[in-house]
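# Close look at the chain arrangement
The lines below spell out each chain.
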Amino acid sequence: IARAVARQLGIADSRIICYGSSSGGFAAISVASRMPHGRFIAYNPQTNLLRYYKGHVQDLSQVFAPGKSAEESARNFPQRWSAIRALRDARDKGFDIRGVIAQNTADAYHHDGHFVPFCEAFELPLTGGASPDGRLYSAIFDDPKGHGPESPDVARRIVETFVPKILAASATA
């Protein structure tokens, strides 16, 4: 849908940015990973559904594949259950995926269980910075509210800092 609207407006696919927070951050990474020129901004995202709260994961599993466990669904559909796997597979296909994962350090659950594994998978600095190929970025911020919507100030800072980088014509380290 986003690509169809962009075409009608004369906007290149490489200028579409998927943006989301929490499960919306998971969706932003996942959708961008399905686009040859995907772009994303993800705040405090889940990056692997199996690392989320077990009750919620089991409920999702029954909607996703009735009668199957979450672990079975994740094995059978790894790109749909892991944003890390979706992004890795897209990059392996030669897709030009660029984006930023922004994490609130006061949200230890998502920091440790989702942000750290994502950063490790793509060689991103845990304290913020660029991947070796300059296509992915990590950013951290501290908001005592923990896991929740990013503040307007944080959103503005992330957008101002990273949108020019992820929309750049060529990746730079």
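Residues numbered from 1 in each chain as written. Predicted model: local features only at pLDDT ≥ 70, side-chain atom pairs only at ≥ 80, totals over all residues. Heavy atoms only, no water.

## Topic: the pattern of salt bridges
Note that side chains of opposite charge can pair when their charged atoms are close. Put simply, the rule is: Salt bridges are counted wherever a side-chain nitrogen of Lys or Arg sits within 4 Å of a carboxyl oxygen of Asp or Glu.
With the rule as written, the count across this model stands at seven salt bridges. Each of Arg39, Asp96, Arg98 and Arg135 takes part in salt bridges that share partners, so that together they form one network.

## A closer look at the pairing of strand E2 (residues 39–43)
Cut-off, in case you're wondering: Using a 1.4 Å probe on the protein chains alone, a residue whose accessible area is under 20% of its type maximum counts as buried, one over 50% counts as exposed, and one in between counts as partly exposed. Each helix is a run of DSSP H or I of at least 4 residues and each strand a run of E of at least 2, with the numbering of both proceeding from the N terminus. Assignment of crossover handedness uses the view with strands pointing away from the viewer, where a clockwise path from the first strand over the helix to the second indicates a right-handed crossover.
Within E2, five of the five residues are buried, which leaves it mostly tucked inside the rest of the structure. Burial along E2 is two-sided: the face carrying Arg39, Ile41 and Tyr43 and the face carrying Phe40 and Ala42 are both buried. As for the winding sense of the linkage, the β-α-β connection from strand E1 (residues 18–21) through helix H2 (residues 23–32) to E2 is right-handed.

## Regarding the environment of arginine 156
Along the polypeptide, arginine 156 turns up in helix H8 (residues 152–166). Since its relative accessible area comes to 43%, arginine 156 is described here as partly exposed. In sequence terms arginine 156 and alanine 6 are 150 residues apart; their C-alpha atoms lie 23 Å from each other.

## Quick notes on the sheet that holds strand E5 (residues 136–141)
Using the following cut-off: At least two DSSP bridges between two strands are needed for those strands to be called paired. In this analysis, two residues are considered to be in contact whenever any of their non-hydrogen atoms come within 4.5 Å of each other. Convention adopted: a line fitted to C-alpha atoms gives each axis, helices being fitted over their contacting stretch, and angles between N-to-C directions are expressed from 0 to 180 degrees.
If you walk across this open sheet you meet the five strands as E1-E2-E3-E5-E4, and the pairing is mixed. Looking at the sheet topology across the chains shown, the edges are occupied by E1 and strand E4 (129–130). Summarising the sheet, strand E3 (residues 98–104) and E5 pair through six bridges and their orientation is parallel. Within the sheet, the bridge partner assigned to asparagine 104 lies in E5 and is phenylalanine 141. H2 rests against E1 and E2 of the sheet, and its axis sits at about 155° to E1.

## Focus on the nonpolar core
Quick note on the threshold: The definition of a nonpolar core used throughout is a set of buried Ala, Val, Leu, Ile, Met, Phe, Trp, Tyr and Cys residues joined through side-chain atoms within 4.5 Å.
Ile29, Phe40, Leu87, Phe118, Phe122 and Leu124 are the most contacted members of the largest nonpolar core, which has 23 residues in total. Counting only elements with at least two residues in this core, the list comes to H2, E2, helix H6 (83–92) and helix H7 (108–121). With near-sequence residues (within four places) excluded, leucine 124 lies in contact with Ile101, Phe118, Cys119, Gly129, Ala130, Ser131, Leu136, Tyr137 and Ser138. Judged by nonpolar contacts, the second largest core, of 14 residues, contains Ile41, Val100, Phe141 and Phe162.

## What about the environment of arginine 135?
Rules: Within 3.5 Å is the distance limit for a polar contact, defined as a pair of N or O atoms, with the added protein rule that one can donate a hydrogen and the other accept it, and that residues adjacent in sequence qualify only through two side-chain atoms.
One can find arginine 135 in the loop between E4 and E5. Distance from arginine 135 to alanine 168, taken between C-alpha atoms, is 9.5 Å for residues 33 residues apart in sequence. At a separation of 2.2 Å, a polar atom in the side chain of arginine 135 contacts the side chain of aspartate 96.

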